[in-house]
Amino acid sequence: MPILNRIASYSEEMKGWRRHLHANPELEFDCHETAAFIVARLREMGVDEIHEGIATSGVVAIINGKGDGPTIGIRADMDALPIEEITGADYASTVPGKMHACGHDGHVTMALGAAKYLAETRNFSGRVAILFQPAEEEGGGGNVMVQEGVMDRFGIGQVYGIHNAPNIPLGHFQTTPGPLMASVDTAWVKITGKGGHGATPHECIDPVVAVVGMVGAIQTIIPRNVYALDEAVISVTQIHTGTASNIIPEEATFCATIRSFKPEVRDLLKRRVYEIIEGHAAAYNVKADIHYDWGYPATINHPDQAEFAAEVAREVSGEAAVNARAGREMGSEDFSYMLEARPGAYLFLGIGPGAGLHHPAYDFNDEAAPIGASFFARLVERAQPVAG
């Protein structure tokens, strides 16, 4: 793999970083030990500035290049997932019920590898700001960092990120201009009826049949309200009710994940969910309480930056290993908030065969870290070359 020779020489050190992080996962905004590890490595590298406590536990590292110029941002998410690991690796999670099942340990390692190289060589102008972000999985840490002013505070002009991709060949990159990943909203619905004996339903108001009707009707929204070429997904992922075979329960709850790309489709989906639930509640004589969580927006790459990132990826991995017109996917990312604030692009980097993301047997492939670090390093050098 044509990675930068200097970064290749860090491979074992990077593996050690990644496996330490893997063994010590933290959730959401509570990434303080992860941040402390990152800060210790950054100090060893001799970066110019380290800013801590952003979005609770986030870190921003500043590295100055040679001469004046703009500031480019590189983002790496830090948080893990509430999953019990089953990899059996000797560096497996030491924290019960938590693991790096999405490869954020690898993302941090890529960014640290790039930081080490850039701090040593400084073969670029202006500055690079490396954003180590908490709470991507839950909490929208990317949005919090933006709201706390990181883009203006550090003068970031453009921003880039990578997500690892299992079962795409090692070192292959995928991205696309425009929409790349969907928005995500969540509807939590509580139905209240009147419980009683299963033998006397006429004396009850049954929330079970109401939920069944609502869920069935909600599944008609996409095929009957959304234009067929406007991608959207509604999946009812939870239904909870009842305690015994002969009891009609008082309450029932269900949950749905709702995903799309266009703002007008997103608005339509929310409106139709409310109309269907409220209409069915009236028809079944139950009370419906809806909590609609307006989540991460769609991740939309800026076309010029996406093409530039693809050019850099071709330099690192070769023409045949880069798909710059990859399909969209219905997953979501809070890097979307950073792309709303500044031009930039998000890419997927293949890590080879293995368990998928968010699976308890998932593990990041350490061979991918020098590739991602090389991409980030060349991205900075290409975007902000030294004058003269």
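Keep in mind that this is a model prediction, so the values were computed, not measured.

A. Representation of the packing of helix 10 (residues 303-317) against helix 12 (residues 369-383) in the model. Between helix 10 and helix 12, the least distance of the axes is 9 Å, while the angle of their chain directions is 125°. Relative to helix 12, helix 10 is oriented oblique. Where helix 10 crosses over helix 12, the handedness of that crossing is right-handed. Counting all contacts with helix 10, which are made through F308, A309, E311, V312, A313, E315, V316 and S317, the residues of helix 12 involved are I371, S374, F375, R378, L379, R382 and A383. Tallied by class, the residues present in the contact of helix 10 with helix 12 amount to 9 nonpolar, 2 polar and 4 charged.

B. Representation of a negative patch on the surface in the model. Residues E28, D30, E33, E138 and D293 make up a contiguous surface patch of negative charge. Tracing the sequence through the fold places E33 in helix 3 (residues 32-45).

C. Inspection of the nonpolar core at higher detail. Of all hydrophobic cores here, the largest spans 60 residues; its most connected members are L42, I63, V128, F132, F173 and F375. Broken down by element, the residue count for this core peaks at 9 residues, all from helix 4 (residues 104-121). F173 has contacts with I162, A313, S317, A321, V322, N323, L347, F348, L349, I371 and F375, leaving out every residue within four places of it along the chain. With 27 residues, the next largest nonpolar core counts V215, A232, L269 and V286 among its residues.

D. Spatial organisation of the pattern of salt bridges. Enumeration over the complete set of coordinates arrives at 28 salt bridges. The partner of R382 in a salt bridge is E311, with the nearest N and O atoms 3.2 Å apart. With R382 in helix 12 and E311 in helix 10, this pair connects stretches of sequence that are 71 residues apart. Overlapping salt bridges, with partners in common, bring together R18, R19, D105, D363 and D366 in one network.

E. Main features of the environment of I74. You can see I74 is positioned in strand 3 (residues 71-77). Judged by relative accessible area, I74 falls into the buried class, the value being 0%. On a C-alpha basis, the gap between I74 and A111 in space is 7.4 Å, while along the polypeptide they are 37 residues apart. When residues no more than four places from it in sequence are discounted, the contact partners of I74 are V128, A129, I130, L131, Y160, F376 and V380.

Conventions adopted
- Residues numbered from 1 in each chain as written.
- Predicted model: local features only at pLDDT ≥ 70, side-chain atom pairs only at ≥ 80, totals over all residues.
- Heavy atoms only, no water.
- Axes fitted to C-alpha atoms, helices over the stretch in contact; angles between N-to-C directions.
- Helix = DSSP H or I, 4+ residues; strand = E, 2+ residues; numbered from the N terminus.
- Parallel < 35°, antiparallel > 145°, perpendicular 65-115°, else oblique.
- Left-handed = near helix turned anticlockwise from the far one by under 90°.
- Contact = heavy atoms within 4.5 Å.
- Nonpolar A, V, L, I, M, F, W, Y, C, P; charged D, E, K, R; others polar.
- Patch = residues over 30% accessible without salt bridge, like charges linked within 9 Å, V, L, I, M, F, W, Y side chains within 5 Å.
- Areas by Shrake-Rupley, 256 points an atom, 1.4 Å probe, with all protein chains shown as cover.
- Salt bridge = Lys/Arg side-chain N within 4 Å of Asp/Glu carboxyl O.
- Lys, Arg positive; Asp, Glu negative; His and termini not counted.
- Charge placed at Lys NZ, Arg CZ, Asp CG, Glu CD.
- Core = buried A, V, L, I, M, F, W, Y, C linked by side-chain atoms within 4.5 Å.
- Buried < 20%, exposed > 50% of the residue type's maximum accessible area, 1.4 Å probe, protein only.

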